[in-house]
Structures are given as structure tokens and as C-alpha cells.
Amino acid sequence: MIATFFFLALLQIKVPDAAAIVGQPQGVPLTGSQLEQRTMAISAELRCPVCQGLAIGDSPSIMAANMKAQVRELLERGYTEEQILSYFEKSYGQFVLLKPKFQGVNALVWILPIAVLAIGFVLVVSKAKKLEVAPAVKSEEPADDPYLARVREMVDKS
Amino acid sequence: MNRTVLIIGIIIVAAIVFILFAGLGKDPQHIDSPLIGKPAPPFTLKSVNTGETIDLQSLRGKPVIVNFWATWCVPCYEEHPTLVANARQLPNVQFIGVVFNDTEEKINRFLAERGSAYPTLLDANGKTAIAYGVGGVPETYFINPAGTIVAKFEGPLSTEQLQENLAKALR
């Protein structure tokens, strides 16, 4: 990474830096297996912009590979997960986050399933309560049923 | 009770139909850029075709059109003549091509075969593209003389689309 920095400086090349977008790193620079694990974990949270619902960690596209390399580099520099997600969100918007934030219209994604479950639960409970208090069906035969009277008459005759 | 269930059902179905209807005709690949109205991310990149180093910030004072493309992108072949023709006709507008994940050799061959009228910069690791929220190529950003991104266009530009978006940078 340092070698790349000096090489780019030699060429007088400057690419947009994360520090200008999300400030200085607020975490600990990662290396080795910890770096690989965190890279994979954060890559699973970022949507590949050229794919259909794939995380950058699962996509074979060039764009996803660039983004994954950027995640890795930011972790090496000590950026936290929150800063890295914020860095990509500032360029791509909330679209890039596979787990939408609990704010604005996105809050509906979290609220609606719970609301639908709660409404269903209330309906079931209220229906069950009505069944419990419903009066028992009368088993007495109506006294003036002509059909029953005729049956009785036929039985008595036989 | 049945009436309540019916009303709730109608509300849920209406909401689903509304969401589906609102999404009809929209490009599923389209990304609303949060950078519209924000300062363009600064970059200094080397031009493949002219050899000079271009610093975006040094171009303040005139509208800039930044076109992200690549030689492996088929729609970029279709768009290239439009950009070259407009760049020749609009000397007061700075056109910049930014190519990512490509090689100088392929870019130079492409430009030699199809013409060139503005600097083409190499974004070797795609960092500039990421900072601009580029989803795919071609993608074009229109920057006003104050250095603010005023429009983003996804896909190959026609002259009408280019001029329509450029007008936003000239307001």
C-alpha cells in the first residue's frame, strides 16, 4: 500500500481520498487473517452496483472487485466498518447498503413485516375470544316442527 | 369482522400495486446519485493520449464533462463519436474521459482507430470511479464552473441528451 502511494505520488496522480470523504481513520489498522475476515464481512454488506442483488463479495464483476479492494485498503489504513460503509454510501447512496438503514421510506422495510404480524396476531386473538364467548347451540327441537310431528306420528303407529 | 379483514386486505393490495406501479418503466440498474449538488470529488490523473497530468480542480471556471468508459464496454463504442463531435464543437467545455480497469495500449488503439478530441485519463484501480459512484460504463457527470456536479447520465449519450444535461451546468 505504501509502495503504491509513492508510485502514484511519483506520477503526480491523486485519486479521491477517503480522508476527504469520511475523515481520518478511527480504528486500528488490520493485517493478516483479521484483515481478510473483516474484508469478507464488510464486502457482504455492500451491494454490487452492476449486479442484481449481489454483494460485492459474491460478484465476479470488475466493479465489485475494485470496491472489495477499496474495502481491504481502508481496513489496512485503520478505517472502521461504519466509516467504510459511510464512504461508499456517500458515493452510491443507500442503494449500496444491502441492509437498509432504519430511516425514511427504508424504515418501512423493518416496520411493515412486524406491523403485519401484529395485525394478524390481534385478528386471531379477537376471533378466538369471540368463539369462546359465543352461546352454545341449542339442541332442543322446536315444538312446532311439522316434520318432526309427522315422524313421531309414524313411529307411534308402527 | 369480515368487513375489517376485507378493508385491511384492500389496503395491503393497494399498497403493493402502488409500489409496483411506481417502479414500472424505471431502469433497475439506475442509481440516484447522492453527489448531485455536491462538489465533484477531486482527482489528478495522467492522460493516456496526451501524456499531460490533468487536475480536475484546475479546470474551475468552465463546465466539465467527465465520461467514464472502457474499451471492453460495447455501448462506449456507440457513444464515442458523439462525445468527440461535441468536444470539437464546444471548445469552452472541458471534456474528460476516465477509463478504468483497462490498459494504455488498448486505450491508445481505441483512440487511434476512432478519433480523440480531449484528454483520456487512466483510473488504474477504479478509485476515481468509486468516488463518483459509477455503477457501470459509460456513465457521464456534468460539472458546473463552480465545481459542483449538476447531473449524471447512465448509458451512451446522444447529442440531445448531452446538450440537455450540459445546459444544467451552464445555468
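## Side note on the overall build of chain B
- Along the backbone of chain B there are 5 helices and 7 strands.
- Against the compact-globule benchmark of 16 Å for 171 residues, chain B has a radius of gyration of 20 Å, which places it well outside the compact range.
- In terms of overall dimensions, chain B has C-alpha extents of about 75 × 35 × 30 Å along its principal axes.
- The buried share of chain B, taken over its 171 residues, is 37%.

## Section: the overall build of chain A
- A tally of helices and strands in chain A yields 7 helices and 0 strands.
- Written out in order from the N terminus, the α and β elements of chain A read α-α-α-α-α-α-α.
- Out of the 158 residues in chain A, the part that is buried amounts to 20%.
- The long-range share in chain A, meaning contacts at least 24 apart out of those at least 6 apart in sequence, stands at 55%.

## What about the nonpolar core?
- Grouped together as the largest cluster of nonpolar side chains are 60 residues, with contacts concentrated most on A:Ile84, B:Ile96, B:Val98 and B:Ile143.
- In terms of residue count, the dominant contributor to this core is helix 4 (residues 62-76) of chain A (6 residues).
- In contact with B:Ile143, not counting residues within four places along its chain, are B:Ala40, B:Pro63, B:Val64, B:Val66, B:Thr148, B:Ile149, B:Val150 and B:Ala169.

## Focus: helix 5 (residues 159-170) of chain B
Residues and elements named next belong to chain B.
- A rise of 1.5 Å per residue sets the reference length of helix 5, with its 12 residues, at 16 Å; its end C-alpha atoms lie 16 Å apart and thus fit the reference within 8%.
- Regarding helix 5, the residues found buried are Leu162, Leu166 and Ala169. Down the axis of helix 5, the sector holding all buried residues measures 40°, keeping them to one side.
- The secondary structure elements touched by the buried residues of helix 5 are strand 3 (64-69), helix 2 (74-89), strand 6 (139-143) and strand 7 (149-154).

## Points about the sheet that holds strand 4 (residues 94-100) of chain B
Residues and elements named next belong to chain B.
- Spatially, the 5 strands line up as an open sheet ordered 5-4-3-6-7, and their pairing is mixed. Looking at which strands have only one partner, the edges of the open sheet turn out to be strand 5 (120-123) and strand 7. Neighbour to neighbour, the strand axes of the sheet diverge by 20° on average, direction disregarded.
- Across 5 bridges, strand 6 lies against strand 7 in antiparallel orientation.

## Focus on the domain arrangement of chain A
- The domains assigned to chain A are domain 1 (2-99) and domain 2 (102-135).
- Here the C-alpha centre of domain 2 of chain A lies 41 Å away from the C-alpha centre of domain 1 of chain A.

## Focus on the packing of helix 3 (residues 32-43) of chain A against helix 4 of chain A
All names here are of chain A.
- Where helix 3 meets helix 4, the closest approach of the two axes is 9 Å, and the angle between their N-to-C directions is 130°. In this view, helix 3 runs oblique relative to helix 4, as classed from their interaxial angle. Along this stretch, helix 3 crosses helix 4, giving a crossing that reads as right-handed. Between helix 3 and helix 4, the contacting residues are Leu35, Arg38, Thr39, Ile42 and Ser43 on the first element and Lys68, Val71, Arg72, Leu75 and Glu76 on the second.

Thresholds applied
Residues numbered from 1 in each chain as written. Chains lettered and ligands numbered in written order. Predicted model: local features only at pLDDT ≥ 70, side-chain atom pairs only at ≥ 80, totals over all residues. Helix = DSSP H or I, 4+ residues; strand = E, 2+ residues; numbered from the N terminus. Rg over C-alpha atoms; globule rule 2.2 N^0.38 Å. Buried ≥ 20, exposed ≤ 12 C-beta atoms within 10 Å, placed from the backbone. Contact = placed C-beta atoms within 7 Å. Core = buried A, V, L, I, M, F, W, Y, C linked by C-beta atoms within 7 Å. Expected span 1.5 Å × (residues − 1). Arc of directions from axis to C-beta. Pairing = 2+ DSSP bridges. Axes fitted to C-alpha atoms, helices over the stretch in contact; angles between N-to-C directions. Domains from an automatic or database assignment. Parallel < 35°, antiparallel > 145°, perpendicular 65-115°, else oblique. Left-handed = near helix turned anticlockwise from the far one by under 90°.

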